[in-house]
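This is what each chain is made of:
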Amino acid sequence: MLEGCTPWPAGTAERYRREGLWDGTDLGSLPRVWAGRYGDATALVAGEERVSYAEFADRVDRRAAGFVRQGVLPGDRLVLQLPNVPEFVEVAFALFRAGAKPVFSLTSHRANEIRHLCALSGASGYIVPGVFRGFDHTALALETAAGLPALRRIFAQGETGSPAVVPLEAVDAEPVELPPNDPSDVAFFLLSGGTTALPKLIPRTHDDYAYQTRTVAALAGLTTEDVYLAALPVEFNFTWGCPGVVGTLSAGGTVVLAPDPTADDCFRLIERERVTLTSVVPTVARLWLDEREWSDADLSSLKVLQIGGARLEPELAARVGPELGCRLQQVFGMAEGLLTMSRPDDTPDSVLHTQGWPVSPADELKIVDERGAEVPPGVTGELLTRGPYTLRGYYRAPEHNARAFTEDGFYRTGDLASLTEDGRLVVQGRLKDVVIRGGDKIAAGEVEAHLLTVPGIAAAAVVPVPDEFLGERIYAFLVARADREETGAGAERPALPELKAALHARGLADYKLPDRAEFVPDLPLTPLGKIDKKVLAAAAADPALPRGWKPAEPSAEQPTATPSEQPTGSPGTAPSGAAPADAPPAPDAAPAPGAPAPSTPSASSVLSGSLHSAQSSPSPSLSAPSTPLPSLSVSVSSSPKR
């Protein structure tokens, strides 16, 4: 395995092979295998372009030979930063075929993040989309290479404007015989989605990723008749392989690449291409559902909507079937590995309120308290996991690995969860997404779920605000349904006493009731499409900070924040003012005339392109684990490992 990575223990790896979980698949060989099976069937669709399996395999073979001619060697790392275009898929598989290891990057990454990724990975190459959405990635690449001697090759789509940059179209040569890859070695790198530092690199091997995509595609029942819409960025683990692009191609289906996750774009593609499956994060799902009332698009082909990447509130989950006419599949997972999913034969209640079972019988899950002791079903604690597609260590991160993994190889996810008696996972939130009020630890997600049941509230986010006497108080940011729907419909914004009364009537304990509440036009989002709690916590602590959350055009001088380094506030619009404690929320305020827009995207702006030009993760990764706290100050626990 590549130096700097942590392999599975030899005995464990041998067991996975003996049981047929790891079957020796080389990801680079798959396009030619698929071409032999599916031939002239359509593999990829992007706009008016349609690529057959045979043509896709030919392109991969020629690009792989082209990269070798350009001096790319087995083991080389190349940062891959392309949007949802066929070239991303072709280049990724061509690099696999050549034995090189792409590092999947977000198109929103700028100088700070790219320097970090190139330096950490030891990248010898960087592949960019030229000028994309007004930003000159080629100029960034040249600037980065000037400070990193190891970064010797730059490839760009379109006109390069520099003899030092190779046009991606020129990476083309007659196919040559290339040696097979070691299936146990790293195939590519995904990015962590933590919120405390620049992204860490997640090594995914040929063996583990082939097993993941093969298993999830089988669970999804994918066939040659299925059409998958890549609505989220293709570099997300969710979009790339859950089952995503790779799983769909393995089954002989068709992958449709959407330029943006907007309802307008995606509804049109679902109708035109007869899409059967797609995957989104909760923020996108909510906006799709709100838009569906006004759209006449024919979505009758859509059979399954996967939702993952963040906690899905039951009230939102319950709308999917009636309003979109398809089955909801809850998905919990992470770029680091573990995936859990609801199943087609699950009861409606379990689909709405749990994140399903692990996708592999070899997945091991346990929930532990602050002392590391396992706890019984129904008790909340930290989720730990290990298995045949969950990493054993981040790349070149020995100190972090010592904290993030137990001595026996369990990954500390940092997620608060419990297990039902029959082994279903119930995710409550993140270890750090809590308010410690007078010594009581309150999960923000629990309070948010109750707030969303109050008439007139379309979105809610709870963060802590410092308090001299209690340590922290509970601060709720709320979006009125009337503002979100722009129809004037819905209840008036309830004052804080009304909110408390409504939550108390639902049985929420008094100490969990919001101390302050503020209505805002929208909630800020990270590039992963998740609510940006860092921005909100800063706004709660400082009423003078802006509440507009409008995105600014990224520039080389002022890089767009990544999921792991969101800003805590941005100058720009006039503040709306925070609601004082135990008082009705302050009215919304309009931006000050001529004020520059802050750089944090809002829920509405994400769908106009900022989410696509971010990552999720892949995570997305699906879930975005960060370093867990060393201990919990509440009594928590979980159920036996599976």
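The structure presented is a predicted model; accordingly, all values stated were derived computationally and were not measured.

**Student:** Looking at this structure, I do not really get the pairing of strand 21 (residues 411–419). What am I missing?
**Tutor:** Successive residues of a regular strand alternate their side chains across the two faces of the sheet. Judged by how many residues are buried, strand 21 sits mostly within the fold: 8 of 9 residues are covered. Pairing between strand 20 (residues 381–386) and strand 21: 4 bridges, direction antiparallel. What sits directly across from Thr 385, in strand 21, is Tyr 411. Of the strand pairs in this sheet, strand 21 and strand 22 (residues 425–430) are connected by 5 bridges, and their pairing is antiparallel. The residue bridging Leu 416 from the neighbouring strand is Gly 429, located in strand 22.

**Student:** Mind showing me how you'd approach helix 1 (residues 10–18) here?
**Tutor:** An α-helix turns once every 3.6 residues. As a result, residues three or four positions apart point the same way. Residues of helix 1 that are buried include every one of Thr 12, Ala 13 and Tyr 16, and no others. With its buried residues spanning 100° around the axis, helix 1 presents them on a single face. Residues Ala 10, Gly 11 and Arg 18 are exposed on helix 1 and point more than 90 degrees away from its buried face. Just past helix 1, the residue Gly 20 takes up positive phi, approximately 80°.

**Student:** Please explain the sheet that holds strand 25 (residues 457–467) as it appears in this structure.
**Tutor:** Strand pairing in a sheet relies on backbone hydrogen bonds. The paired strands run either parallel or antiparallel. Reading across the sheet, the 3 strands line up as 25-26-27 and stay open at both edges, with mixed pairing between neighbours. Looking at strand neighbours, the two that pair on one side only are strand 25 and strand 27 (516–519), the edges of this open sheet. When strand polarity is set aside, the average angle formed by the axes of neighbouring strands in this sheet is 25°. Of the strand pairs in this sheet, strand 25 and strand 26 (residues 471–480) are connected by 10 bridges, and their pairing is antiparallel. Its bridge partner being in strand 26, Ala 461 is matched across the sheet by Phe 477. Packing against the sheet, helix 18 (residues 533–541) makes contact with strand 25 and strand 26, and its axis sits at approximately 60° to strand 25.

**Student:** Even after reading the chapter, I still don't get the pattern of salt bridges, so can you show me in this structure?
**Tutor:** Note on pairing: side chains with opposite charge can pair once their charged atoms come close. With the rule as written, the count across this model stands at 33 salt bridges. We note a salt bridge from Glu 49 to Arg 59, for which the minimum N-O separation is 3.1 Å. Taken as a pair, Glu 49 in strand 2 (residues 49–52) and Arg 59 in helix 3 (residues 53–69) lie far apart in primary sequence, 10 residues in all. Glu 49 sits in the partly exposed class, given a relative accessible area of 30%. Note that Arg 204 and Asp 208 form a salt bridge whose closest N and O atoms lie 2.8 Å from each other. Sharing partners across several salt bridges, the network here consists of Glu 49, Glu 55, Arg 59, Arg 63 and Glu 90.

**Student:** Would you take a moment to explain the packing of aromatic side chains for this structure?
**Tutor:** When we look at a pair of aromatic rings, we describe it by the centre distance and by the angle of the planes. Using the criterion set out here, one finds 21 aromatic pairs in the structure. Ring geometry for Phe 104 against Trp 240: centres 5.4 Å apart, planes inclined by 85°, an arrangement best described as edge-to-face. With Phe 104 in strand 4 (residues 101–104) and Trp 240 in helix 8 (residues 237–241), the pair connects residues that are 136 residues apart, well separated along the chain. No difference in accessibility class separates Phe 104 from Trp 240, as the two residues are buried. Positioned over the ring face of Phe 135 is Arg 110, at 3.8 Å from the centre of the ring.

**Student:** Looking at this structure, I do not really get the side chain of Thr 354. What am I missing?
**Tutor:** The residue Thr 354 is located in the loop between helix 13 (348–353) and strand 18 (357–358) in this model. A polar atom in the side chain of Thr 354 sits 2.8 Å from the backbone oxygen of Ser 350.

**Student:** For this particular structure, what's the right way to read the packing of helix 11 (residues 282–292) against helix 12 (residues 314–324)?
**Tutor:** Each packed pair of helices is defined by two parameters, the angle between the axes and the distance between the axes. With their axes 10 Å apart at the nearest point, helix 11 and helix 12 run at an angle of 45° to one another. Taken as axis vectors, helix 11 and helix 12 run oblique relative to one another. Helix-helix and strand crossings are classified by hand; for helix 11 and helix 12 the assignment is left-handed. Residues Pro 282, Arg 286, Leu 289, Asp 290 and Arg 292 of helix 11 touch helix 12, and the partners they reach there are Glu 315, Leu 316, Arg 319, Val 320, Glu 323 and Leu 324. Class assignment for the residues of the contact of helix 11 with helix 12 results in 5 nonpolar, no polar and 6 charged.

Scoring rules and cut-offs
- Residues numbered from 1 in each chain as written.
- Predicted model: local features only at pLDDT ≥ 70, side-chain atom pairs only at ≥ 80, totals over all residues.
- Heavy atoms only, no water.
- Buried < 20%, exposed > 50% of the residue type's maximum accessible area, 1.4 Å probe, protein only.
- Helix = DSSP H or I, 4+ residues; strand = E, 2+ residues; numbered from the N terminus.
- Pairing = 2+ DSSP bridges.
- Arc of directions from axis to C-beta.
- Axes fitted to C-alpha atoms, helices over the stretch in contact; angles between N-to-C directions.
- Contact = heavy atoms within 4.5 Å.
- Salt bridge = Lys/Arg side-chain N within 4 Å of Asp/Glu carboxyl O.
- Phe/Tyr/Trp six-rings, centres within 6.5 Å; stacked < 30°, edge-to-face > 60°.
- Lys NZ or Arg CZ within 6 Å of the ring centre and 35° of its normal.
- Polar contact = N/O pair within 3.5 Å; in protein donor to acceptor, adjacent residues only side chain to side chain.
- Parallel < 35°, antiparallel > 145°, perpendicular 65-115°, else oblique.
- Left-handed = near helix turned anticlockwise from the far one by under 90°.
- Nonpolar A, V, L, I, M, F, W, Y, C, P; charged D, E, K, R; others polar.

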